[in-house]
Structures are given as structure tokens and as C-alpha cells.
Amino acid sequence: MTNKSAFDAAKKLIPGGVDSPVRAFKSVGTTPPFIDHAKGCYIYDIEGNKYIDFVQSWGPLIFGHCDKDIQEAIIKSVKKGVSFGAPTLSETNLAKLILDEFKFIDKIRFVNSGTEATMSAIRAARGYSKKDGLIKFEGCYHGHSDALLIKAGSGATTYANASSSGVPQDIVKNTYLAIYNDIKSVKDIFEANKDKIGVVIIEAIAGNMGLVPAKKEFLSQLRELCDKHGAVLILDEVMSGYRASKRGSFDFHDIKADMITFGKVIGGGMSAAAFGGKKEIMDCLSPDGAVYQAGTLSGNPVAMSAGIAALKKINNDKNLYKKLSSLSQMLMDGFSSAAKKNNIPLQTQTRGSMFGYFFSNKKVENYEDALKSDTLAFAKFHTNMLKQGIYLAPSQFETGFVCDAMDEKIIKKAIKAANKAFREI
């Protein structure tokens, strides 16, 4: 079976042929490879093609595919049972590992996806603040719950949808849009909606309009505004948690949020996410409080065991983030140099093991800047790189990742491919 025939067959049974829109490769105009297996930093499709994988399952696989320690932890857990719907010691153990690192939050609850984590965090924050108003930022993606699908970045941006059909106006009426890295836009919302805003949620390192970090001064002012107006500040670290650094975005800005959402890396490649916060907020959750949240597979032992194995490996490798940061910077420096040599405007950015690049002659600091990127040039570049065995995120508005299974030789190979791609563009 070819990738094309597999895609055609899938489209007859699954909307768009995929279970997450960006995977369809629609914005780059090619057929997505159907993956058969993977190892380390490589993935292999059903046609036998081999690719260097800079997607890494969209972030979770910080140690690459089929890491031996994580695999062994999963297999050991599966042999005891895949799910119990009851408390296990693994939940407490993973919670302690995370809370030991993020000391400014007191309690944490596990869920199955980033969407669940942000949706639940917002509900808890509203329950605590007793105010319905929610501020989010253009281009920040916090999952696909109704209240958050407004200029949500990621797949919604890739397909030119500012929001989503099927979302009732009554649900989004309490969601207010601010401009990323623009504190005046936030102040204006607070001033125009006295005593209505109870929650502010932001990706401190935005990864769903491409990689766009928030400025430290902006986040500091945001913290002050939330304190002034009695709003709960949520930092969405689903992508950046344990990716940008061991403490996510915190090591880049030192701003203490009231709540944090986690995902991806904390599940070691399995379906796991979490939301945590100050004791007084988290104690609003049932069974202790009136805010209801539940999930049949939340904290399931297989996902918890994978997360524990991943975080223990992180804790045991003191040089991990230094290595990953060096590799991502080397990659982006190489892309930048190759683009310049071929007279192609390119903006690059890194945060730890995360990297991003825009086909633009202007620095990208917010959603509007990102939308001005040359998506046609990106599509040509992506297609050329794929043909050379370099698997990059199939959207200008996604973030890329390096993993511990990579080394300088791998990065140099990707840079060489980029040189050729830029030349042909």
C-alpha cells in the first residue's frame, strides 16, 4: 500500500482522513506519510521511506521514539492492568515529581489531554474567582473546547479559520481577545469590563502560531494586572512544560502563575496531561469543592508509569537541556545562514528543545505578524525537505522539536537539506 492509497482509504472512513487536522498536510499541498514504525529520531512510513523526525509526536518524545526505559515502564505497568478507574500510587508519585519542580503550585490533577487540562483549569479558576470573564490571546491555542476556539492558532490558523463552526455565541460571549505581547490591549479589556474578568490564560511560549515567546516585561505586567483585578493567571505549559526547560517557560521569565497546565512530556508519549495551582484554587474541585471535573481514564497507570520514567530520566541527566538547546540553536542558525545565502527572508527562534521559523522579513512577536508570513514559500520548503527525508511540522504555524536521540551529525544533515531546499525555492 502507498501513502496515497492509504490516505484515500482513510478519507472514506475518517473526516479528512485524519484524527487531527494538521496531519492532513493540506496547507503544504502533499500527501501525508502514513507511519509504520519509529526508532530514536527516525520515523519510517508504509512505503519504507526513512525520515529524521523534527515533530516528535508534536512534542512529547523528548528522548525520541521507543526509548528503552520508558518502554520498559509501560510494559511493566500494562502487565498489571491497563486501567482500574481507581487511585494508584503512580498518580501520587508523578504528582510529587512535578510539584517538586514547580514549587509555586501546591496541588495537581491529572487528565488525558491538553484540551481537558486547559478547559478544567479555566473552570476551576472561574469557580474560585466567581467571575465568568476570560481573557485569551490571539494565536494562542489552548485546545478545542468551545470557549477557547477564537483566533486559536495552530490548525485553525493553518486552514484560515479564525474560529470554529458549531460554537454557540452564548458560550464565547465571556471570552475576550487580547493581543500577544501588547499589554495595552489587556489593560483596555480590564478597564472596559469592570469586575467581570476572572481568568487570564496564555502560552508564555506560544507554540501554535509558530514559536513566539512572550516578553518578560509583558508577562510581569500581566501578573500585576491579574493581581490588581483579582483574576487568576493560568500559564499554558502543555507544550513548553519540560520542553523549553526543566521548568518550562519559568526559567525564561520567573513569573509565578496561579495555575499551570501540563501535557505532552509528562506522559512520556502516552495520553496524559494535568492542571495544577495554588491550594485555595485547587480545593474548589470536587469532591472538596463545588467545581466538578472527572475522567474515566484520568491518571491511568500506564500513562503515569510512562510519565514517571520520562521525568526521572530528565532529573538524572543534568546536561539534557544544555544539549537540546545547543542542537535547536545549531539547527536554526543553519537554517538562517542557508536562507540568507539564497536571499530568502527567514525569522528563526528557539526556546530550549523547541524551534520555529517564519518566511518573513519582519520579526514575529504576535499573531498578526505570524499571519504575514509567506506560507507558499513554507509549503515549497516543506515539500522539498520531506523529499530529502526531513520530517518537519506541515504548517507554518507549528513548532518543531529536537530530541535526545539527535546529535550534531543529524542537525548538519538537516541543514544541508535546507540549503538545497532554499536554493531550489
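Residues numbered from 1 in each chain as written. Predicted model: local features only at pLDDT ≥ 70, side-chain atom pairs only at ≥ 80, totals over all residues. Heavy atoms only, no water.

The name given to the protein in an unreviewed UniProt entry is Glutamate-1-semialdehyde 2,1-aminomutase, with Campylobacter sputorum subsp. sputorum as the source organism.

### Digging into the pattern of salt bridges
Where charged atoms of side chains with opposite charge meet at close range, the side chains can pair. Where we set the bar: One speaks of a salt bridge when a side-chain nitrogen belonging to Lys or Arg is within 4 Å of a carboxyl oxygen belonging to Asp or Glu. A helix here means a DSSP run of H or I that spans at least four residues, while a strand means a run of E at least two residues long, and both kinds are numbered starting from the N terminus.
This model, assessed by the stated rule, comprises 19 salt bridges. Across the pair lysine 11 and aspartate 8 runs a salt bridge whose closest N-O atoms are separated by 3.8 Å. With lysine 11 and aspartate 8 both in helix H1 (residues 3-13) and 3 residues apart, the pair spans about one turn of that helix. With a shortest N-O distance of 3.9 Å, aspartate 254 and lysine 216 are connected by a salt bridge.

### Comments concerning the UniProt feature "modified residue: N6-(pyridoxal phosphate)lysine" (unreviewed entry) in the protein
Going by this rule: UniProt positions are given in the numbering used here, feature names are shortened, and annotations may be inferred rather than shown by experiment. Any two residues whose heavy atoms approach within 4.5 Å are treated as being in contact. Counted as a polar contact is a pair of N or O atoms within 3.5 Å, where, for protein atoms, one must be capable of donating a hydrogen and the other of accepting one, and residues adjacent in sequence contribute only when both atoms are in side chains.
What UniProt calls "modified residue: N6-(pyridoxal phosphate)lysine" (unreviewed entry) maps, in this numbering, to Lys264. In this structure, lysine 264 sits in the loop between strand E11 (259-262) and strand E12 (273-277). If we skip the residues at most four places from it in the chain, lysine 264 touches Trp58, Gly59, Pro60, Val238, Met239, Gly269 and Ala272. Here tryptophan 58 takes part through its backbone oxygen, which lies 3.1 Å from a polar atom of the side chain of lysine 264.

### Some points on the side chain of serine 249
Stated precisely, the cut-off is as follows: Classification of residues uses two cut-offs on accessible area relative to the type maximum, computed with a 1.4 Å probe and protein chains only: under 20% is buried, over 50% is exposed, and between them is partly exposed.
By secondary structure assignment, the location of serine 249 is in the loop between strand E10 (232-237) and helix H9 (250-253). Residue class for serine 249 comes out buried when judged on its relative accessible area of 0%. Within the structure, serine 249 has its side chain in polar contact with the side chain of glutamate 237 (distance 2.4 Å). Serine 249 has contacts with Ala204, Ile205, Leu235, Glu237 and Ser240, leaving out every residue within four places of it along the chain.

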